[in-house]
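The lines below spell out each chain.
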Amino acid sequence: MMLGLLLARAGVEVTVLEKHGDFLRDFRGDTIHPSTLELLHELGMLDEFLRLPHQELRRVKIKFDDEEIAGPDFSHLPTRCKFIAMMPQWDFLNFLTARAKRYPSFRLLMNTEATGLIEEGGRVVGVRAKSEQGELNAYADLVVAADGRSSIVRERAGMEVEDFGVPIDVLWFRVAKTADDTEPALGRIRNGKMLVTIDRGDYYQCGSIIRKGAFEEIKRRGLESFREEIVSVAPFLRDSVGAIDDWEKVKLLTVQVNRLRQWYRPGLLFIGDAAHAMSPAGGVGINLAIQDAVAAFNLLAEKLRQGNCETADLRRVQQRREWPARMTQDIQVFIHRQMFGSRSDPERALSIPWAARALLWLLTPVLRRVAARVVGIGFRAEHIRA
Ligand SMILES: Cc1cc2nc3c(=O)[nH]c(=O)nc-3n(C[C@H](O)[C@H](O)[C@H](O)COP(=O)(O)OP(=O)(O)OC[C@H]3O[C@@H](n4cnc5c(N)ncnc54)[C@H](O)[C@@H]3O)c2cc1C
């Protein structure tokens with residue numbers, strides 16, 4: 001959506017296909033980073049954006065047993081907004097969509113799922129898609145696959161994927177907020193279990209970190225046992241977990257960390273999770289996807305306008321963005337190994353090794369600022385070229 005907005009703004013004809021009928025899904029996280037807020041400022045949209053309901057996270061706190069540990073501190077970042085804006089991603093996407101629709105060269109087809117590629121002479125010249133009206137072929141000078149970590153386009157194009165193995169999955173559910181939680185923390189670790197609690201006003205969007213493949217076993221133990229586990233990590237949720245009375249209310253989110261060896265083919269470019277699936281560790285995947293979109297815009301918009309976008313131009317996008325993606329994924333894999341070990345044995349309880357505890361306690365104010373930079377801005381920040 002971000003790339004669609006930028007290209008339309010620059011006068012390039014662009015069509016965005018979205019397989020769902022709306023953006024109302026929980027799986028993408030809620031974090032709008034300082035670097036993304038900076039981009040909205042560059043687009044002249046920041047004030048309008050910040051009028052939408054959101055929470056401002058200036059410092060991250062994690063509760064480790066009963067002790068509160070300070071995490072990244074964004075208050076020193078060299079950006080206009082020194083905080084992460086916590087906002088359900090559907091609000092962010094609806095905001096971008098409304099702005100993009102102001103440009104006559106922007107077209108959005110909802111309920112339209114890309115199902116395959118159209119190729120001519122070894123070059124991708126469009127996508128096949130299905131919509132409520134039936135099948136359609138959409139032709140384009142360039143197809144950009146931004147279809148996330150289960151990218152169908154990546155599969156159809158037969159791209160080679162490097163997988164880095166992740167020992168965890170996330171169970172995602174909501175619980176009502178209680179008055180008890182006077183010092184909200186973003187994450188809680190207790191008895192070898194970890195729970196993320198994202199404040200969404202009147203409820204928490206919760207993520208329970210489980211060992212990969214352990215969901216079936218958790219279900220077998222029953223809902224009562226699951227609710228007890230949540231309360232054992234976050235006792236203040238005692239009065240509200242009763243609402244989780246059906247497994248339908250608990251969604252399994254499969255965590256992956258992987259990357260394409262090559263992010264392009266003639267006529268086709270991959271960005272975001274489709275190029276490099278990110279884990280939720282550090283909550284940086286949305287930021288990386290947006291930064292890819294801006295880099296692709298900067299490098300390709302003029303070429304697309306002139307109708308001479310070559311494969312070498314697509315290669316430049318990978319050259320620009322591969323290093324930030326690799327660095328970030330290396331850190332995520334390191335955090336997974338430190339926090340949860342490298343084995344994905346569903347029978348083994350999650351145990352947070354002493355090294356991870358030491359790492360968290362060693363976060364000095366200087367390290368907190370470094371962590372804030374990595375999370376809030378990332379490697380090689382992009383800026384929108386006029
Ligand atoms: C459990 C979990 C929690 C996370 N939490 C955070 C967080 O808090 N902060 C953060 O920054 N990152 C988080 N991430 C990572 C983040 O979700 C991704 O890195 C980010 O969403 C990638 O953006 P994207 O636009 O590339 O893909 P996506 O956000 O996955 O968007 C892909 C879009 O393409 C659509 N689509 C898919 N297939 C097709 C098709 N065939 N045709 C048409 N449309 C299609 C989808 O409906 C979707 O709208 C989390 C990841 C996980 C697994």
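Higher on the page you've got the structure.
So, here is what we can say about the structure in this document. For clarity, every value in this text was computed on a predicted model and none was experimentally measured. (Residues numbered from 1 in each chain as written. Predicted model: local features only at pLDDT ≥ 70, side-chain atom pairs only at ≥ 80, totals over all residues. Heavy atoms only, no water.)

By the burial criterion, the buried members of helix α7 (residues 223–233) are Leu-223, Phe-226, Arg-227, Ile-230 and Val-233. The buried side chains of α7 occupy one side of the element, clustering within an arc of 125 degrees when seen end-on. Where α7 is buried, its residues contact β13 (168–176), β14 (187–190), β15 (193–199) and α6 (215–221). (Buried < 20%, exposed > 50% of the residue type's maximum accessible area, 1.4 Å probe, protein only. Helix = DSSP H or I, 4+ residues; strand = E, 2+ residues; numbered from the N terminus. Arc of directions from axis to C-beta. Contact = heavy atoms within 4.5 Å.)

Moving on, we get to the side chain of His-54. Checked against the element boundaries, His-54 lands in the loop between α3 (46–50) and β3 (55–57). A distance of 2.8 Å separates a polar atom in the side chain of His-54 from the backbone oxygen of Leu-52. Of note is the side chain of His-54, whose polar atom sits 2.8 Å from the side chain of Glu-56. Excluding anything up to four places from it in sequence, His-54 contacts Ala-85, Met-86 and Met-87. (Polar contact = N/O pair within 3.5 Å; in protein donor to acceptor, adjacent residues only side chain to side chain.)

Glancing now at the sheet that holds strand β9 (residues 123–131). Note: strands within a sheet are paired through backbone hydrogen bonds, in either parallel or antiparallel orientation. Spatially, three strands are ordered β8-β9-β10 in an open sheet, and the strand pairing comes out antiparallel. Each having just a single partner strand, β8 (113–120) and β10 (134–139) make up the two edges of the open sheet. When the angles between neighbouring strand axes are averaged without regard to direction, this sheet yields 25 degrees. Inspection of the sheet shows β8 paired to β9 by seven bridges, in the antiparallel sense. Note on β9: the bridge partner recorded for Leu-117 is Val-127. (Pairing = 2+ DSSP bridges. Axes fitted to C-alpha atoms, helices over the stretch in contact; angles between N-to-C directions.)

These figures come from the coordinates and say nothing about function on their own.
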